[in-house]
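Working through the structure, step by step
Letter by letter, the chains look like this.
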Protein chains: 2
Amino acid sequence: MAAKTTILDMNRFDGANLDALDAHKRSLVERRAALGNGYRLFYRDPIEIVRGSGSHVFDEHGTDYLDAYNNVVSVGHCHPHVVEAVSRQAATLNTHTRYLHETILDYSEALLAKLPAQIDRITYQCTGSEANDLAIRIARNYTGARGIIVTREAYHGNTDLVSGFSPSIGMGQELSPSCGLLPTPDTHIHGDEAIGDFIVARLRERIAAMRADGIGFAGLLVDSIFSSDGIFPGKAGWLNKVADAVHEEGGLIIADEVQPGFCRTGEAFWGFARHGFVPDIVTMGKPMANGIACSATAARHEILDVFTAKIPYFNTFAGNPVAMAAAKATLEVMDDEDLTGNASRIGSMFVSQLEGLAVDHPAIADVRGAGLYIGVEFDDPATGDPLSVETLELIEQMRRRHVLTSNCGSYGNILKIRTPLVFSAADVDRYMTALQDSLAAIGI
Amino acid sequence: MAAKTTILDMNRFDGANLDALDAHKRSLVERRAALGNGYRLFYRDPIEIVRGSGSHVFDEHGTDYLDAYNNVVSVGHCHPHVVEAVSRQAATLNTHTRYLHETILDYSEALLAKLPAQIDRITYQCTGSEANDLAIRIARNYTGARGIIVTREAYHGNTDLVSGFSPSIGMGQELSPSCGLLPTPDTHIHGDEAIGDFIVARLRERIAAMRADGIGFAGLLVDSIFSSDGIFPGKAGWLNKVADAVHEEGGLIIADEVQPGFCRTGEAFWGFARHGFVPDIVTMGKPMANGIACSATAARHEILDVFTAKIPYFNTFAGNPVAMAAAKATLEVMDDEDLTGNASRIGSMFVSQLEGLAVDHPAIADVRGAGLYIGVEFDDPATGDPLSVETLELIEQMRRRHVLTSNCGSYGNILKIRTPLVFSAADVDRYMTALQDSLAAIGI
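What counts and what doesn't
- Residues numbered from 1 in each chain as written.
- Chains lettered and ligands numbered in written order.
- Predicted model: local features only at pLDDT ≥ 70, side-chain atom pairs only at ≥ 80, totals over all residues.
- Heavy atoms only, no water.
- Helix = DSSP H or I, 4+ residues; strand = E, 2+ residues; numbered from the N terminus.
- Rg over C-alpha atoms; globule rule 2.2 N^0.38 Å.
- Buried < 20%, exposed > 50% of the residue type's maximum accessible area, 1.4 Å probe, protein only.
- Contact = heavy atoms within 4.5 Å.
- Areas by Shrake-Rupley, 256 points an atom, 1.4 Å probe, with all protein chains shown as cover.
- Salt bridge = Lys/Arg side-chain N within 4 Å of Asp/Glu carboxyl O.
- Least-squares fit on C-alpha atoms with pLDDT ≥ 70 in both.
- Axes fitted to C-alpha atoms, helices over the stretch in contact; angles between N-to-C directions.
- Parallel < 35°, antiparallel > 145°, perpendicular 65-115°, else oblique.
- Left-handed = near helix turned anticlockwise from the far one by under 90°.
- Nonpolar A, V, L, I, M, F, W, Y, C, P; charged D, E, K, R; others polar.
- Pairing = 2+ DSSP bridges.
- Buried area = accessible area lost by both parts, 1.4 Å probe.
- Polar contact = N/O pair within 3.5 Å; in protein donor to acceptor, adjacent residues only side chain to side chain.
- Phe/Tyr/Trp six-rings, centres within 6.5 Å; stacked < 30°, edge-to-face > 60°.
- Lys NZ or Arg CZ within 6 Å of the ring centre and 35° of its normal.
- Core = buried A, V, L, I, M, F, W, Y, C linked by side-chain atoms within 4.5 Å.
- Domains from an automatic or database assignment.

This brings us to the overall build of chain A. When helices and strands are tallied, chain A shows 14 helices and 15 strands. The globule rule puts the C-alpha radius of gyration for 444 residues at 22 Å, and the 22 Å found for chain A is close to it. Taken over the C-alpha atoms alone, chain A extends approximately 60 × 55 × 45 Å along its principal axes. Residues classed as buried in chain A amount to 65% of the 444 residues present. At a minimum sequence separation of 6, the contacts of chain A that also span at least 24 residues come to 73%. Surface exposure of chain A reaches about 14,200 Å², of which carbon and sulfur atoms provide 50%.

Residues and elements named next belong to chain A. This structure, assessed with the given rule, holds 50 salt bridges over all chains. A salt bridge links K235 to E193; its shortest N-O distance comes to 3.1 Å. Placement of the pair is K235 in the loop between strand 7 (217-222) and helix 8 (240-248) and E193 in the loop between helix 6 (187-190) and helix 7 (195-212), with a sequence separation of 42 residues. By relative accessible area, which is 63% here, E193 ends up exposed.

Before going further, it helps to examine the environment of R98(B). You can see R98(B) is positioned in the loop between helix 2 (80-90) and helix 3 (102-112). Sequence spacing of R98(B) and F314(B) is 216 residues, and the spatial spacing of their C-alpha atoms is 9.4 Å. Contacts of R98(B), omitting those with residues within four sequence positions, involve R40(A), L41(A), F42(A) and F314(B).

With that settled, consider the relation of the copies chain A and chain B. Overlaying chain A on chain B yields an RMSD of 0.0 Å, the required transformation being a rotation through 180° with an accompanying axial translation of 0.0 Å. Given the turn and translation reported, the copies of this chain are related as if by a two-fold rotation axis. Closest approach to the rotation axis among the C-alpha atoms of chain A is made by S87(A), whose C-alpha sits 2.4 Å away. A share of 100% of the interface residues of chain A reappears at the interface of chain B, consistent with the copies meeting face to face through the same patch.

Residue and element names in this part refer to chain A. Where helix 2 (residues 80-90) contacts helix 11 (residues 321-336), the two axes come as close as 8 Å, and the packing angle between them is 160°. With respect to helix 11, the axis of helix 2 lies roughly antiparallel. Read as a crossing pair, helix 2 and helix 11 show a hand that is right-handed. Residues H81, V82, A85, V86, Q89 and A90 of helix 2 touch helix 11, and the partners they reach there are P321, V322, A325, A326, A329, T330, E332 and V333. A breakdown of the residues in the contact of helix 2 with helix 11 according to their chemical character gives ten nonpolar, three polar and one charged.

What follows is about the sheet that holds strand 13 (residues 403-404) of chain B. Residue and element names in this part refer to chain B. Here four strands make up an open sheet; going across it, the order is 1-2-3-13 and the pairing mixed. For this open sheet the edge positions go to strand 1 (49-53) and strand 13, each flanked by a neighbour on one side alone. Sheet analysis places strand 1 next to strand 2 (residues 56-59), joined by four bridges and oriented antiparallel. Paired with S53 across the two strands is H56, which belongs to strand 2.

With 94 residues of chain A at the contact, the number on the chain B side is 94 residues. Here chain A and chain B share an interface that buries about 8,200 Å² over both sides, 57% of which is from carbon and sulfur atoms. Between chain A and chain B we count eight salt bridges in total. Here D160(B) ties to R137(A) by a salt bridge, and the two come within 3.8 Å at their closest N and O atoms. Joining chain A to chain B, the criterion identifies 45 residue pairs in polar contact (both at pLDDT 80 or more). Taken together, the elements giving at least two residues each to the side of chain A that touches chain B come down to helix 1 (23-31), strand 1 (49-53), helix 2, helix 3 (102-112), strand 4 (121-125), helix 4 (128-143), helix 5 (160-163) and helix 10 (301-310) of chain A. Counted by class, the side of chain A that touches chain B contains 47 nonpolar, 28 polar and 19 charged residues.

A word on the packing of aromatic side chains. Tallied over the entire structure, the rule returns 24 aromatic pairs over all chains. Their ring planes at 65° and their centres at 6.0 Å tell us that F42(A) and Y43(A) sit as a pair that is edge-to-face. Look at W270(B) and F272(B): their rings are 6.2 Å apart centre to centre, the planes differ by 10°, and that puts the pair in the stacked class. Like F272(B), W270(B) is buried. Aromatic ring contacts, followed pair by pair, group F262(A), F269(A), W270(A), F272(A) and F277(A) into a single cluster. A cation sits over an aromatic face here: R418(A) above Y69(A), 4.6 Å from the ring centre.

This part takes up the nonpolar core. Residues Y124(A), M284(A), Y124(B) and M284(B) are the most contacted members of the largest nonpolar core, which totals 235 residues. In this view, M284(A) contacts L111(A), L115(A), I122(A), G128(A), A131(A), E257(A), V258(A), F262(A), W270(A), S295(A), A296(A) and A298(A); residues no more than four positions away in its chain are not counted.

We now examine the side chain of S55(A). All names here are of chain A. Inspection of the secondary structure assignment puts S55 in the loop between strand 1 and strand 2 (56-59). Look at S55 and you get buried, because its relative accessible area is 3%. Among residues more than four places away in sequence, those in contact with S55 are Y65, L66, D67, P420, V422, F423 and D427.

All names here are of chain A. As assigned here, chain A comprises domain 1 (7-75 + 339-442) and domain 2 (80-336). The partner domain 2 presents 32 residues to the 32 residues of domain 1 that form the contact. Carbon and sulfur atoms supply 58% of the area buried between domain 1 and domain 2, which totals about 2,300 Å² over both sides. Together, V75, T340 and Y373 form the three largest contributors to the area buried by domain 1 at its contact with domain 2, with a combined 25%. Summed over the shared surface of domain 1 and domain 2, the result is zero salt bridges. Taken together, domain 1 and domain 2 are joined by twelve residue pairs in polar contact (both at pLDDT 80 or more).

To continue, consider the packing of helix 4 of chain A against helix 10 of chain A. All names here are of chain A. For the pair helix 4 and helix 10, interaxial distance at closest approach is 8 Å and the crossing angle is 95°. If you check the angle between helix 4 and helix 10, you find them roughly perpendicular. Contact with helix 4, carried on its side by L134, R137, I138, N141 and Y142, involves E302, I303, L304, V306, F307 and K310 of helix 10 and no other residues of that element. The residue inventory of the contact of helix 4 with helix 10, partitioned by class, reads seven nonpolar, one polar and three charged.

Structure, rendered in structure tokens:
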């Protein structure tokens, strides 16, 4: 088995390539030194993006790139309905939530209507990290326990607390002493039928082990599409028995919908709803306001009340009129353009074409996805070892063909296809052509 | 001495007043139940604000309120230069920092030029809480120690980590086991001349006590205007000996500029620069982009590098083109309109008029401030006890006269005047008239 890839080994510009860049780009890259060494640029030849529209972005020369990576501007780059809402509200008022304002109420009611009836409260933050940070605190206050279980390549955010429950950050980041790890629900290894019982068994073992260490079980924090683990949606419904087990053990389920929420899976509005279980807390972020910072934590009132009775929480920018106008407009586009339906239709077409490609490319070991979140696993056909280097090279080849896509998973051998929700059939064709050519160039 | 006021006892709508509201407002308040019990509304008769311009906001009837509270839209509500920048960028592109984009570089260079040369790196987050959360982690990684010292009524944010260093949140929130508390630098009690030595002595004691408990000293996290402590800017320069002591003890200074930064104090662009010392890490937030979520952590490169070498940090919305366009436009307005100068001129005029008022009002025990951050302390002239109830009533009286202002401090007896930076002489006149009338109405 190849060595595990860390985030640092993934798609990134290497300073050693600096002299290969043209003078303009070299200058921009050099100026980025002001941002510190933590700012990772994508690609050996980084891209300057100056304009976006729908599923497309354009560089400084006007070259059109197909964006098959971006789930933040999920209703499309610069969607006019969202742009208009942001511009209008920015020119009218942008203040905090200590005064009455109708937009936050209109939006909250529309969003709660998309959640199960039991989830009847919603609070706003600015980032998915803040939402997960708050959700863990709410769960701990309610249960009186500290232990939170996540999957072994999970990523739930960047605050001190949430980083301790995000093993995919890598070994430099210490995990929380109250973090329990589940294996990745790898359906390619374990199969769709067995995965539920397998994960339930590991969950019970992990809870018992934590209890033996004096750590009570507060809950499971889960991205139901397991994106950073390598994209393992599995068959709709398999997570329900895990949810039941969490509740039997007295824990809460925090559904982290930053990745699978807001139409993404094509089968339901939320990732958890695709399975059918009802979580206790739901966190959301990235696609919520099409790029304007906005996130939220929704919960059952009896759970949230325990927290708010003890701890006053205020978040200056959260729920402000501009963020709410952007979020409301984004939700309207999702409904008006039936983007759940589009994710379903285009996603199915995409998977079919990828499966067709796999027939002639034995290095494609697995194609899996839900809606417009698709993973393509590349393994050595002879040994089953992950083709990490080749997958990274594939990303670079796609970039040369002006298609922006990425990779993920423990070994970086999963092609990650996560397009704007407005991806079209023509966009799929363009992606597939670039992919075929890129595979041919690499010879896999 | 009166019982300490908690945040929960301060300016807030009480549900018992619901029936006193008109049907429209009652409906809005009732609909806010969807946000949970944590959403505090200001005032017994809450205000619906629908429009803002400069230092003024307008309710649903078009009534003009003077905003003497808001330091987020610091260059004025809906400043046309910022609105234009946000609208233009939202219509052009809004994506993340993994691609090259010039605005983040232009802005970073302009902002770093305002910082001491030693502070040569800047990283972006979305909220002041995220910036302080990251700053503490950076300081801990660099020093290898965990102990952070703050003042006893400090507020530094709402993440799990930062809440543990924000005693003003109140007793429901446990402080971090590695949090050390300094007394409030109360110049009204200790005097301007003695305050530096007093705080240095307490700092040394606190560091020694933490070390005796096995907690190393990582640094001091400080808002140099001590806003939530009750607004104690003191005389420019007094904090320098505290900074020296922190460095002698091997700790770092994190200057939390969320409140005093960006022209606020009228004496310098930054709160720490008003004193003269050079911090190791500088965090910023609220006023940075005039209401669009944007925050930052600036640091010496040798300090930041230790963190980034170990831990990959990415923040999806942070530094995105819309946030950077808003921040850049805000900074341009600050320079073009000389808002540091305005804060100085208008702030001095304000303080003079307040001091004049104090001559006839013995309940005004102290007037103190720097630029457009002014505190007016109300104590019983006979006993020196804080006039907490009266100060809260004063806020309500001011609201009836259509002036939005607030209170702060351990006992809530400090009138907090924190206006947009574009406050005018006419605005001061209006504030003073409302204040005189309100004092007369209360009879203090």
